[in-house]
Amino acid sequence: ADDDRKQVLDLLARETDRLDSLVGRVLELSRLESGAHAYMRERLDVRDLVDESIAVFDAHTLSHPTPIETHLDSDLVVIGDRDTLVRALANLLVNAWKYTGDEKHITVSARTAHRWIEIVVRDNGVGIPREEQRSIYEQFTRGRAAHASGAPGVGLGLALVRTIVRGHRGKLDFDSRPGETSFRIRLKRRREPASTAALVAS
């Protein structure tokens with residue numbers, strides 16, 4: 001009887017933790033969507049953002065450590081909120097990890113594209129069926145792959161990523177086919193003031 005009671009209490013504790021986590025994520029998303037969150041405007045090195053995101057990813061995937069391949073142009077700088085951008089990138093990395101098989105190949109690349117800096121997370125997973133692609137950013141929406149694989153989650157990650165990118169006046173899009181999915185975040189490129197350029201030239 002004592003063992004049964006302990007098992008029930010352990011189960012209740014896990015469920016309580018899970019619900020607390022869910023409520024926290026819903027509140028966070030609501031705060032970001034409502035505009036209540038004040039985004040910091042710091043000068044951020046993209047390489048640092050990617051490194052921090054990979055560190056968060058590593059902490060979430062201890063059960064199956066997975067190296068992330070990076071291809072980052074040098075001296076990429078954006079103006080933004082470090083914590084939320086790291087959260088967005090880490091979410092994309094964890095998503096890629098969830099929906100790839102045993103031979104995981106996940107890459108992060110970053111480059112300048114005109115007035116944007118593009119950060120792309122690419123994986124070799126199952127892909128997103130065309131009929132599900134229109135709804136992937138909706139809250140609590142999970143595709144067939146999520147249910148079939150038993151991957152944990154409730155369908156808030158991509159909604160959170162989109163909200164954070166919009167909060168930075170950036171753009172988020174994706175391309176997916178069986179065997180490859182890539183999510184692309186585009187953020188405004190920081191331009192050095194003309195006075196700084198003149199000083200450098202002199």
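Here we summarise the structure given alongside this text.

The rules behind these values
Residues numbered from 1 in each chain as written. Predicted model: local features only at pLDDT ≥ 70, side-chain atom pairs only at ≥ 80, totals over all residues. Heavy atoms only, no water. Helix = DSSP H or I, 4+ residues; strand = E, 2+ residues; numbered from the N terminus. Buried < 20%, exposed > 50% of the residue type's maximum accessible area, 1.4 Å probe, protein only. Areas by Shrake-Rupley, 256 points an atom, 1.4 Å probe, with all protein chains shown as cover. Pairing = 2+ DSSP bridges. 1 Å grid on protein atoms, 1.4 Å probe; cavity = no way out; pocket = protein on both sides within 12 Å on 5 of 7 lines; lining within 4 Å. Points joined across faces, edges and corners; volume = space filled by probe spheres on them. Nonpolar A, V, L, I, M, F, W, Y, C, P; charged D, E, K, R; others polar. Expected span 1.5 Å × (residues − 1). Axes fitted to C-alpha atoms, helices over the stretch in contact; angles between N-to-C directions. Contact = heavy atoms within 4.5 Å. Core = buried A, V, L, I, M, F, W, Y, C linked by side-chain atoms within 4.5 Å.

### Focus: the overall build of the protein chain
Logical step 1: Assigned secondary structure in the protein chain consists of six helices and seven strands.
Logical step 2: Secondary structure elements in the protein chain, listed N-terminal to C-terminal, are α-β-α-β-β-α-β-β-α-α-β-β-α.
Logical step 3: Looking at the protein chain residue by residue over its 202 residues, the buried ones come to 38%.
Logical step 4: Surface summary for the protein chain: the accessible area is close to 12300 Å², and the carbon and sulfur share equals 51%.

### Regarding the pairing of strand 7 (residues 180-188)
Logical step 1: Relative to strand 7, strand 5 (residues 116-123) runs antiparallel, the two sharing eight bridges. Across the sheet, residue V121 finds its bridge partner in strand 7, namely F183.
Logical step 2: Here strand 6 (residues 171-177) pairs with strand 7 via seven bridges, running antiparallel. When the sheet's bridge partners are listed, D175 is paired in strand 7 with S182.
Logical step 3: Counting the residues in the hairpin turn of strand 6 and strand 7 gives two residues, including G179, whose phi is positive at 95°.

### What about the layout of surface pockets?
The gaps left among the atoms become clear once a water-sized probe is rolled over them.
Logical step 1: Of the volumes computed, that of the second largest pocket is approximately 300 Å³.
Logical step 2: Residue lining of the second largest pocket: 13 residues in total, with R41, I79, H168, R169 and K188 positioned closest to the centre.
Logical step 3: Elements that contribute at least two residues to the lining of the second largest pocket include exactly strand 3 (77-80) and strand 7.
Logical step 4: Taken together, the residues that form the lining of the second largest pocket break down as five nonpolar, three polar and five charged.

### Notes on unusual backbone geometry
Logical step 1: Although it is not a glycine, D75 adopts a positive phi angle of roughly 60°.
Logical step 2: For D75, a relative accessible area of 71% translates into the label exposed.
Logical step 3: In this structure, H114 takes a positive phi of about 60° despite not being glycine.
Logical step 4: Examined against the element boundaries, H114 turns out to sit in the loop between strand 4 (106-113) and strand 5.
Logical step 5: Its relative accessible area of 72% is what places H114 among the exposed residues.

### As for helix 3 (residues 82-98)
Logical step 1: Here helix 3 is 17 residues long and its end C-alpha atoms lie 24 Å apart, about the 24 Å a rise of 1.5 Å per residue gives.
Logical step 2: A large share of helix 3 lies buried, amounting to 13 of its 17 residues.

### Points about the sheet that holds strand 5
Logical step 1: What the five strands build is an open sheet, ordered 2-4-5-7-6; its pairing is mixed. Either end of the sheet is taken by a strand with one partner, and the two such strands are strand 2 (68-72) and strand 6. Geometrically, the sheet is characterised by an average inter-axis angle of 15° between neighbouring strands, direction not taken into account.
Logical step 2: Running at roughly 170° to strand 2, helix 2 (residues 46-60) makes contact with strand 2, strand 4 and strand 5 of the sheet.

### Considerations on the nonpolar core
Logical step 1: Grouped together as the largest cluster of nonpolar side chains are 36 residues, with contacts concentrated most on V46, L93, I106, V108, I119 and V121.
Logical step 2: Of all the secondary structure elements, the ones that give two or more residues to this core are helix 2, strand 2, helix 3, strand 4, strand 5, helix 5 (157-167) and strand 7.
Logical step 3: Examining the composition of this core, we find that nine residues originate from one element, helix 3, more than from any other.
Logical step 4: When neighbours within four sequence positions are excluded, V121 is seen to be in contact with L89, L92, L93, A96, I106, T107, V108, T181, S182 and F183.

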